Amino acid sequence: MLFQLHSASPGGGVFRLERQTSLSSSQRHRQKNKSLTTFLHPLMGVLMWVLASHGLYGHGDLHEIIGELSSKIEASPMDTGLLLERAEYLRKHGDMPRALQDVALVKKLQPGLTTRHLVLAAILSDQKKWKRAKLELDRFLVVHPDDVTALVLRSRCCGHLDLTELAEEGIRRAIKLQPRAPLSLYSRYVEILLKRNDIDAALKVYAGAEKSLGPLPVLGESKARMLRDRGRPDDAAEVYSILREQNPTLSFGWWMEEAQMWKTRDSVKMNRAMMEAKQAWQHLPARTRALPHMKLKHQELLKKL
């Protein structure tokens, strides 16, 4: 997930990750994402980084980053910001015992530092201890009620605890707090609404996402599939039609999806969609037709025809 946060630190200031003129490979890797971590309080910089960069680091990178932080902590053992940062990278690395030790040490050194609640909540969430994680997030949000990362994480916990209304409230607030919320938050919001089969509310969320982010193909595709899977094929076909009009070069795949949708519903519409897919295939560039996954789709079409 990618969140643009500007959270105040507990001390009233803001936090900037340290940058050095001589950068190691891991530091250069982190420097590429400077915009994600500038002007954030100690936890926000790290936690948001990990959430935004899921899968970014290999274990070698993490080892190096943790080693760098450990060296800094040896020089400044009372620095709670460094301890929280290391705790978050340890969490990412899967070393929960050491991460918890760092958080416990922060509690001992600076009991009133509320950011430790968010770090601890992330660790507990990874351990699927949803109730305890939510409790830590509740404590953090008392002080930082507009923190997007915390709201999203608590929404996730509430979802696992079947607290649907709270889950929905959190994700809705997280979207409102951002001038341009990421697509992942809208997707999460739709997922929550569909748990109670509220299709109309989900469509309103899609409309809000389209207004904010524009007519992204992935957004329209998600909307069409939602309608298809919820028994509204005519509405889904309308969305597929709009997608093809807006993105003609992608028409082949959407005609194939529509053909599959009509397979058990309407043989006439299925056959029409397959013939349209055949036409769309012929208009694709040769390099696109040569892609392995496109060849498979074409073979599937030929079998059906």
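Going by the structure above, here's the rest.
About the thresholds
- Residues numbered from 1 in each chain as written.
- Predicted model: local features only at pLDDT ≥ 70, side-chain atom pairs only at ≥ 80, totals over all residues.
- Heavy atoms only, no water.
- Helix = DSSP H or I, 4+ residues; strand = E, 2+ residues; numbered from the N terminus.
- Buried < 20%, exposed > 50% of the residue type's maximum accessible area, 1.4 Å probe, protein only.
- Contact = heavy atoms within 4.5 Å.
- Lys, Arg positive; Asp, Glu negative; His and termini not counted.
- Salt bridge = Lys/Arg side-chain N within 4 Å of Asp/Glu carboxyl O.
- Polar contact = N/O pair within 3.5 Å; in protein donor to acceptor, adjacent residues only side chain to side chain.
- Axes fitted to C-alpha atoms, helices over the stretch in contact; angles between N-to-C directions.
- Parallel < 35°, antiparallel > 145°, perpendicular 65-115°, else oblique.
- Left-handed = near helix turned anticlockwise from the far one by under 90°.
- Expected span 1.5 Å × (residues − 1).
- Arc of directions from axis to C-beta.
- Core = buried A, V, L, I, M, F, W, Y, C linked by side-chain atoms within 4.5 Å.

The next thing to look at is the overall build of the protein chain. Looking only at helices and strands, one finds 18 helices and zero strands in the protein chain. Burial statistics for the protein chain: of 305 residues in total, 48% are counted as buried. A sequence separation of at least 24 residues applies to 57% of the contacts in the protein chain between residues at least 6 apart.

Along the polypeptide, D147 turns up in the loop between α8 (130–143) and α9 (148–160). Despite its burial, D147 remains without a salt bridge, the nearest opposite charge being carried by R173 at 10 Å. At a separation of 3.2 Å, a polar atom in the side chain of D147 contacts the main-chain amide nitrogen of T149.

Packing of α8 against α9 leaves a shortest axis separation of 9 Å and a crossing angle of 150°. As summarised for this structure, α8 and α9 are arranged roughly antiparallel, according to the angle between their axes. Classified by chirality, the crossing of α9 by α8 is left-handed. Across the interface between the two elements, W130, A133, K134, L137, D138, F140 and L141 from α8 touch A150, L151, L153, R154, R156, C157, C158 and H160 from α9.

A rise of 1.5 Å per residue sets the reference length of helix α14 (residues 233–246), with its 14 residues, at 20 Å; its end C-alpha atoms lie 20 Å apart and thus fit the reference within 8%. The set of residues buried in α14 consists of P233, A236, A237, V239, Y240, L243 and R244. Considered in projection along α14, the buried side chains sweep an arc of 160° and stay on one side of the axis. Opposite the buried face of α14, by more than 90 degrees, sit the exposed residues E238 and E245.

Turning to the nonpolar core, a few remarks are in order. Side chains that are nonpolar tend, in soluble globular proteins, to be buried together. Counting residues in hydrophobic clusters, the biggest one holds 80 residues, and the most contacted among them are L137, L185, Y186, M226, L227 and F252. No other element matches the eight residues that helix α12 (residues 199–213) contributes to this core. Setting aside residues up to four positions removed in sequence, L137 forms contacts with L118, A121, A150, L153, R154 and C157.

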